[in-house]
Amino acid sequence: MRSLPALILFLMACAPAFAQQEEGEAGDAPAQEAATETVAPPDPDAVRRSRFSERPSDAAYGAFQRGYYITALNLATPLALEGDAAAQTLIGEIYSRGLGVRRDLATAIEWYEKAAEQKVPEALFQLAMILHDGGDEFGDRPRAARLIEQAAEAGHSLAQFNLAQMLMTRDATPQGLERAVAYYEKAAKAGLADAQYAMAEVYRAGAAGRAADAAQARRWLELAAAQNHDTAQIELGTLLIESGGGESVEKTGFSWLMRAALAGNPAAQNRVAKLYRAGIGVEPDRVTAAAWYLRARRAGLTDPVMEDQLDGLTDEEMDEAGKRAATLG
């Protein structure tokens, strides 16, 4: 069993202490178009139609998701002034990220505060993020911690993960770890890949009152890997390669490592290089092995075994490896 302090350090390293949503989820592709969109008064007919949708703010959210941020702001503003919490949260998002408007954290806080008063989980979480990272002007970490806990209790998966990270630093006792892992598990069940990876490590080590369980560890690894969590892909691929399950299992393991390598992970690229070198899970090919290692080395990774491999290549093979490396990933 992994020692308790070591496990705490590992879980804290699974992701940043305060993880936020990936950029690009809300129509970032048309951002240039949104930035040049002409500011126009709200369309009364559009606002009226939105009031008869499932939520009054649905039309505003639809515009936001398509990247029409100023239209979304114009549609959301009258609704937000009437107390619509979803519209208030949307305006907070637009100003906090500077989408189609100048970034304005003071205005973002104002609108997030209004939605947070109505216990909107996303507003609670985003307000906490601003207060946590706001520095001298906006920072208030004690309140940020309280808001994170409120959002976590309301079922916000990122808040649950971040609360678990906070608990790791505040309470290193077995009881504190158990509480943290409970929040990791909630976030993992909600589909958060970082939390799924954390749960894989919990079950691999046996911690927080849970017995070591290889099957559970592998299940959580597979879920995280399927969401392109590169560390989970590396560990799952390595697990399968080393399992002794035969050629088909080795090929599956190779495919997981290749996914992480193609996404640009240097550790995965080096492992793929070694698999090509040894012919495990793939046909042996020392030139392709060298090409993958060259990609990893360009990112700063060095491996004595693969350095020896390069030394054994002819000038023609090294030239070919360099050409292949330029096209990989």
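Everything quoted here is computed from the prediction, not taken from an experiment. Residue numbers here run from 1 along each chain, matching the order of that chain's written sequence. Confidence filtering applies because this is a predicted model: local features only for residues at pLDDT of at least 70, side-chain atom pairs given and counted only at 80 or more, and all residues used for totals across whole chains, interfaces and linings. Side-chain calculation: all heavy atoms of the structure are included, whereas hydrogens and water are not.

## Re the packing of aromatic side chains
Reasoning step 1: Classification of ring pairs uses Phe, Tyr and Trp, with its six-membered ring standing for Trp, and accepts pairs whose centres are within 6.5 Å; under 30 degrees between planes counts as stacked, over 60 as edge-to-face, and the remaining range as tilted. Tallying each qualifying case throughout the model produces 3 aromatic pairs.
Reasoning step 2: Judged by centre distance (5.3 Å) and plane angle (70°), the ring pair of F64 and Y69 falls under edge-to-face.
Reasoning step 3: Here Y69 falls in the buried class, since its relative accessible area comes to 1%.
Reasoning step 4: If you follow K114 out to its NZ or CZ, it ends over the ring of W111, 5.8 Å from the centre.
Reasoning step 5: Comment: the charge-over-ring label is applied if NZ (Lys) or CZ (Arg) is within 6 Å of the ring centre and within 35 degrees of the ring normal. Stacked on the ring of W220, the Lys or Arg R219 has its end atom at 4.4 Å from the ring centre. The cut-offs for exposure are 20% and 50% of the maximum accessible area for each residue type, with area from a 1.4 Å probe on protein chains only; residues under the lower value are buried, those over the upper are exposed, and the others partly exposed.

## Overview of helix α17 (residues 266–278)
Reasoning step 1: We count a stretch as a helix when DSSP gives it H or I for four or more residues in a row; a strand needs E for two or more, and each element gets its number in order from the N terminus. Expected helix span is given by 1.5 Å per residue-to-residue step, counting one fewer step than there are residues. Taking 1.5 Å of rise per residue, 13 residues should cover 18 Å, and α17 covers 18 Å from first to last C-alpha, within 8% of that figure.
Reasoning step 2: What α17 keeps buried is the set A268, Q269, N270, V272, A273, L275 and Y276.
Reasoning step 3: Only heavy atoms matter for contacts: two residues are in contact if any of them lie within 4.5 Å across the pair. Against the buried residues of α17 lie α15 (230–241), α16 (247–262), α18 (286–298) and α19 (304–311).
Reasoning step 4: The first or second residue beyond α17 is G279, which carries a positive phi of 70°.

## Here's the deal with the packing of helix α6 (residues 85–97) against helix α7 (residues 105–117)
Reasoning step 1: Their axes nearest at 8 Å, the elements α6 and α7 cross at an angle of 160°. As the angle between them shows, α6 and α7 are arranged roughly antiparallel. Seen from above, α6 lies across α7 with left-handed handedness. For the pair formed by α6 and α7, the contact residues are A85, Q88, T89, I91, G92, E93, Y95 and S96 on the first element and L105, T107, A108, W111, Y112, K114 and A115 on the second.
Reasoning step 2: Here the residues of the contact of α6 with α7 sort into 8 nonpolar, 5 polar and 2 charged. Note on definitions: angles span 0 to 180 degrees between N-to-C directions of axes, and those axes are lines fitted to C-alpha atoms, for helices only across the stretch in contact. The scheme is simple: roughly parallel for angles under 35 degrees, roughly antiparallel for over 145, roughly perpendicular for 65 to 115, oblique for anything else. What makes a crossing left-handed is the near helix being turned counterclockwise from the far one by less than a right angle; a clockwise turn instead makes it right-handed. Each residue is assigned to one class: nonpolar for Ala, Val, Leu, Ile, Met, Phe, Trp, Tyr, Cys and Pro, charged for Asp, Glu, Lys and Arg, and polar for all the others, Gly among them.

## Considering the side chain of H229
Reasoning step 1: Examined against the element boundaries, H229 turns out to sit in the loop between α14 (214–226) and α15.
Reasoning step 2: When its relative accessible area of 9% is taken as the criterion, H229 is described as buried.
Reasoning step 3: Looking at H229, its side chain comes within polar contact range of the side chain of D194, at 3.0 Å.
Reasoning step 4: Setting aside residues no more than four positions away along its own chain, H229 makes contact with A193, D194, Y197 and A224. Under this definition, polar contacts are N or O atom pairs within 3.5 Å; protein pairs additionally need one hydrogen-donor-capable and one acceptor-capable atom, and for neighbouring residues in sequence, both atoms have to be side-chain atoms.

## Focus: the environment of A326
Reasoning step 1: Turning to its location among the elements, A326 is positioned in helix α20 (residues 315–327).
Reasoning step 2: Residue A326 is classed as exposed on the basis of its relative accessible area of 58%.
Reasoning step 3: Residues A326 and L294, spaced 32 residues apart in sequence, show a C-alpha to C-alpha distance of 9.2 Å.

## A few points about the nonpolar core
Reasoning step 1: Counting 76 residues, the largest nonpolar core has L90 and Y184 as its most contacted members.
Reasoning step 2: Definition of nonpolar core: a set of buried residues of the types Ala, Val, Leu, Ile, Met, Phe, Trp, Tyr and Cys, connected through side-chain atoms within 4.5 Å. The next biggest cluster of nonpolar side chains, apart from the first, holds 25 residues, and it includes Y276, Y293, A321 and A325.

## A look at the pattern of salt bridges
Reasoning step 1: Salt bridges are defined by distance alone: a side-chain nitrogen of Lys or Arg within 4 Å of a carboxyl oxygen of Asp or Glu. This model, assessed by the stated rule, comprises 15 salt bridges.
Reasoning step 2: R324 is the salt-bridge partner of D285, the closest N and O atoms lying 3.3 Å from each other. With D285 in the loop between α17 and α18 and R324 in helix α20, this pair connects stretches of sequence that are 39 residues apart.
Reasoning step 3: Classification of D285 as partly exposed rests on a relative accessible area of 26%.
Reasoning step 4: The class of R324 is partly exposed, set by a relative accessible area of 27%.
Reasoning step 5: Ionic contacts of the salt-bridge type, sharing partners, join the residues E185, K189 and R210 into one network.

## A closer look at the packing of α18 against α19
Reasoning step 1: It is at 10 Å that the axes of α18 and α19 come closest, and there the two elements cross at 125°. Between α18 and α19, the angle falls in the class oblique. The crossing of α18 and α19 is left-handed. Residues R286, A289, A290, Y293, L294 and R297 of α18 pack against M306, E307, Q309 and L310 of α19.
Reasoning step 2: Along the lines of polarity and charge, the residues of the contact of α18 with α19 split into 6 nonpolar, 1 polar and 3 charged.

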